[in-house]
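Residue-level structure breakdown
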Amino acid sequence: MAASGLDDLNFTMKEITGTRQSVSGSTSDGTLTASVVPESSSTLSLSEDNKLVCVEYPGIISNVDKMLESIGGIQGMSKTYADPSRRLELRFRPQDPFCHPVCGNRFPSTNLLLRMKRRVRKGNPKEAQINMDILGVIGTTYKFQGMADFQYLAVHSAKDGSHTSLYDKIILRKPENNKFFEQPVPLFLPPPIFSRLDSAVDYNYRPEIQHKEGHCPPTVSRDNLIGLSRARRPHNAIFLTFNDQNIPTEPLEAAKVNWKRVCVHPSDIKAEEQLKEMFESRPIWSGYAVKANLDLHPDKLKLLLPIMAYYMVTGPWRSLWVRFGYDPCKTPEAKKYQVLDFRIRCSTKHGYTINDMPVKAKRSTFNYTLPITLNKAVPQAANVTDLPPEGPAGERSANTTRYQLKDSSYIFRDGTLPPHRQMFYQLCDLDVESIRNVISRNDGQEEECDERDGWCLSHTSDDLRDIMSSMIKQVIRAKRPAPYSSGPESSITRRKTPESGEDDEEENEEDEFHPSEGSDNEMQTEMLDYM
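Residues numbered from 1 in each chain as written. Predicted model: local features only at pLDDT ≥ 70, side-chain atom pairs only at ≥ 80, totals over all residues. Heavy atoms only, no water.

Where an unreviewed UniProt entry is consulted, the chain appears under the name Ral transcription factor IIIC subunit 5, with the organism given as Hucho hucho. UniProt lists a comment for the chain under the heading Subcellular location (unreviewed entry), and it reads "Nucleus". (UniProt positions renumbered as here; feature names shortened; annotations may be inferred.)

Structural data, given as structure tokens:
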């Protein structure tokens, strides 16, 4: 499947009309020959309706049907073409599920597909007539420019050098009985991922950075990170676990120095005073709650928070910032500041699956570089020293970007959907009366702070998740009533109320919590930011 470019034509285009017709080159004496005289001219018609897609297939095509099957058929080709960020996959063994594809890149093109016919007169072979038709315009071309990766076959290699195919033993081609699953099969572990790059790149090896005498890298860098090109910029935050007994009363001196270095604008001083007042009125804050109440650049906030509070790593206040000198494990009033890790439940019982989740994930899988997707440019991180200057009064101009988040980023209200699939709410930010009643069931009777439930009763978090999931389901039902309409298929998604007197077997089943894509390590990511 190839196309000819405009430079391959041996004639001069004088005009393009809207109707399609066959044309031919003509000589000065009126005889049609294979070679067109440069002084001659021809007229070609071009139809704008017939747009084509070109695939430069990396092989000799002897069977068109098999060629189309190797690139997914017409349907697979259409899906790839509909997504501009996706590469075309070519599998030389389409029936083999372990076949590693070769990927083709998508390029815009301005080519024409020509059909040429050369007629030769029997009596005089030197006289030939050439007819040309423009079949369409090629606006997109797929080119396979990368290298073919290694292939991993489902084959068992014995000690004597013989090879045995395992395809019939590990691939389920039809419904089988227990005998199929209990048959002895050699261990076969395919690699979870191949190389993400299929083009050669120059890798410049560099020696390790030589630091000054006495330099000691942070623990997280020494144990978990490999090949740092520079020393990590410390933010000097203090991290505590639930079992730590010594509560810090003041920040590290290095944290104060770092903040004084960047606190150069009047708005920075104002933000420091505002954050201090926030922790005086409320001793524990989440990162999103701070960002929703303070309009400050995130890079500066990383340096400001460590001088106001310490970070809890485990326990009922994990991933929260606690005011210096305040010990929530000894204060029952800190119950309302505990964290609730809430994740939107996804199943057909709740009216939606993972593919039509009503709330998007915080991070999309398209942000990761995969062999079948194109590399997308990402914005460069801003530097604290590169922030725009402020006006004479210390106020930001109207065109300056605001960094403050919305209240929905940390407050849960009835009748609204969370902005993300996984949310870290504080109990005091659950603005629902029924939820507050559950939290206050043991007010004044708190005896011991538990690492799982804190000052609340046992399994309080599970009860809160059930209430919130039910509210979210009602919101989805109101916005998308079709899946809940009466009918045979509605028995899966419809939920019977206790007043109806009917029992729902699915009510007693335990709901599974599905984490949002890319947000499993959110607390670890935040910890790395403040180290």
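Once you've had a look at it, read on.
**Here's the deal with the overall build of the chain**
Of the regular secondary structure elements, the chain holds 13 helices and 17 strands. In the chain, the proportion of contacts linking residues at least 24 apart, taken out of those at least 6 apart, comes to 66%. Approximately 33,600 Å² of the chain is accessible, and the part contributed by carbon and sulfur atoms is 51%. (Helix = DSSP H or I, 4+ residues; strand = E, 2+ residues; numbered from the N terminus. Contact = heavy atoms within 4.5 Å. Areas by Shrake-Rupley, 256 points an atom, 1.4 Å probe, with all protein chains shown as cover.)

**Concerning the pattern of salt bridges**
Applying the stated rule across the entire model yields 19 salt bridges. A salt bridge links K335 to E446; its shortest N-O distance comes to 3.0 Å. Taken together, the residues span a long stretch of sequence, with K335 in the loop between β13 (320-323) and β14 (339-343) and E446 in the loop between α10 (433-439) and α11 (460-479) at a distance of 111 residues. Each member of the pair K335 and E446 is classed as buried. (Salt bridge = Lys/Arg side-chain N within 4 Å of Asp/Glu carboxyl O. Buried < 20%, exposed > 50% of the residue type's maximum accessible area, 1.4 Å probe, protein only.)

**With respect to the packing of aromatic side chains**
If you walk through the whole model with that rule in mind, you get 8 aromatic pairs. An aromatic cluster is built from F98, Y152, Y167 and F188, whose rings are joined through pairwise contacts. For K143, the ring lying beneath its charged end belongs to F107, and the centroid distance is 5.5 Å. Sitting over the ring of W285, R282 keeps its end group 4.2 Å from the ring centre. (Phe/Tyr/Trp six-rings, centres within 6.5 Å; stacked < 30°, edge-to-face > 60°. Lys NZ or Arg CZ within 6 Å of the ring centre and 35° of its normal.)

**Some points on the pairing of β14**
For β14, a buried count of 4 out of 5 residues is recorded, marking the element as mostly surrounded by other parts of the structure. Where β14 meets strand β16 (residues 422-426), 5 bridges bridge the pair, whose relative direction is antiparallel. Directly across from D341, in β16, lies its bridge partner F424. (Pairing = 2+ DSSP bridges.)

**Structural notes on the pairing of strand β7 (residues 128-143)**
Note on strand geometry: in a regular strand, side chains alternate between the two faces of the sheet. In terms of strand pairing, strand β4 (residues 51-56) meets β7 through 6 bridges, oriented parallel. Within the sheet, the bridge partner assigned to V55 lies in β7 and is Y142. Two strands pair when backbone bridges link them, and strand β6 (residues 102-120) and β7 are joined in this way by 14 bridges, in the antiparallel orientation. Of the residues in β7, the one forming a bridge with L112 is V137.

**Quick look at helix α2 (residues 73-82)**
Turn by turn, an α-helix covers 3.6 residues, leaving residues three or four places apart pointing in a common direction. If you check which residues of α2 are buried, you get G73, M77 and T80. In an axial view of α2, the angular spread of the buried residues amounts to 70 degrees, which keeps them on one side of the axis. Seen from the buried face of α2, the exposed residues on the opposite side, beyond 90 degrees, are I74, Q75, K79 and A82. Along its buried surface, α2 packs onto β4, α1 (64-70), β5 (88-90), β6 and β7. (Arc of directions from axis to C-beta.)

**Some details on the nonpolar core**
Grouped together as the largest cluster of nonpolar side chains are 27 residues, with contacts concentrated most on W259, L275, F279, L294 and L304. If one sorts the elements of this core by residue count, helix α7 (residues 266-281) sits on top with 4 residues. Once residues lying within four places of it in the same chain are set aside, the contact partners of L304 are W259, A271, E272, L275, L294 and L296. Counting 19 residues, the second largest nonpolar core, distinct from the first, contains L430, I439, I472 and I476. (Core = buried A, V, L, I, M, F, W, Y, C linked by side-chain atoms within 4.5 Å.)

**Let's talk about the environment of F239**
Here F239 is to be found in strand β10 (residues 239-240). Measuring from C-alpha to C-alpha, the distance between F239 and M312 comes to 5.9 Å, with 73 residues separating the pair along the chain.

**Here's the deal with the environment of L296**
Counting through the fold element by element, L296 comes out in the loop between α8 (287-293) and α9 (298-304). Take L296: its relative accessible area is 4%, and that puts it in the buried class. In this structure, the C-alpha to C-alpha distance between L296 and D268, residues 28 residues apart in sequence, is 7.7 Å.

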